[in-house]
Amino acid sequence: MAFRHIGLLTLRPDADPAAAEAILAGLAALQDLVPGVESVQAARDAGLKDGNADIHFEVAFADEAAWRAYQSHPAHVALVQEHIAPAITAKAFVQVRG
């Protein structure tokens, strides 16, 4: 059964403009680095409404076990520690079966 991890990230107002691109590139790379990741879709908000999150992403996994393994995979941990955590002010996630 497919399993998806969906996230919204809001960048800090003083975040380096390159931070969003580093996050998007890091997310895209996870598909080749983390076993069980089937696809990654990530994009910046279109900027049509104030207050929206800045980045949306969806990572599809083979199953829930693959998502659980991803949580502690070194590539994912490095992306969060080096690029995401320093640049964001808010985050929201959901995991969806099917």
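Residues numbered from 1 in each chain as written. Predicted model: local features only at pLDDT ≥ 70, side-chain atom pairs only at ≥ 80, totals over all residues. Heavy atoms only, no water.

Quick look at helix α2 (residues 64-71)
Taken as a whole, α2 has its buried residues at Ala 66, Trp 67 and Tyr 70. Along the axis of α2, the buried positions cluster into a sector of 100°, meaning they face one direction only. With respect to the buried face of α2, the exposed residues turned more than 90 degrees away are Ala 65 and Arg 68. The inward-facing, buried residues of α2 contact β1 (3-11), α1 (18-33), β2 (37-44), β3 (55-61), α3 (74-87) and β4 (88-97). N-capping of α2 is provided by Asp 63, with a side-chain oxygen placed 3.3 Å from the backbone N of Ala 65. (Buried < 20%, exposed > 50% of the residue type's maximum accessible area, 1.4 Å probe, protein only. Helix = DSSP H or I, 4+ residues; strand = E, 2+ residues; numbered from the N terminus. Arc of directions from axis to C-beta. Contact = heavy atoms within 4.5 Å. Polar contact = N/O pair within 3.5 Å; in protein donor to acceptor, adjacent residues only side chain to side chain.)

Comments concerning the packing of α1 against α3
Packing of α1 against α3 leaves a shortest axis separation of 10 Å and a crossing angle of 170°. By the angle between their axes, α1 is roughly antiparallel relative to α3. In terms of crossing hand, the pair formed by α1 and α3 is left-handed. Contacts between α1 and α3 involve Ala 19, Ala 22, Ile 23, Gly 26, Leu 27, Leu 30 and Leu 33 from the first element and Ala 75, His 76, Leu 79, His 83, Ile 84 and Ala 87 from the second. (Axes fitted to C-alpha atoms, helices over the stretch in contact; angles between N-to-C directions. Parallel < 35°, antiparallel > 145°, perpendicular 65-115°, else oblique. Left-handed = near helix turned anticlockwise from the far one by under 90°.)

Section: the sheet that holds β1
Backbone-to-backbone hydrogen bonds pair the strands of a sheet. The strands run either parallel or antiparallel. In space, the four strands of this open sheet follow the order β2-β3-β1-β4, with antiparallel pairing throughout. Strands at the two margins of the open sheet, each flanked by one partner only, are β2 and β4. Between one strand axis and the next, the sheet turns by 15° as a mean value, whatever way the strands run. Of the pairings in the sheet, the one linking β1 to β3 comprises seven bridges and is antiparallel in character. Bridging from a neighbouring strand, Arg 4 pairs with Ala 60 of β3. (Pairing = 2+ DSSP bridges.)

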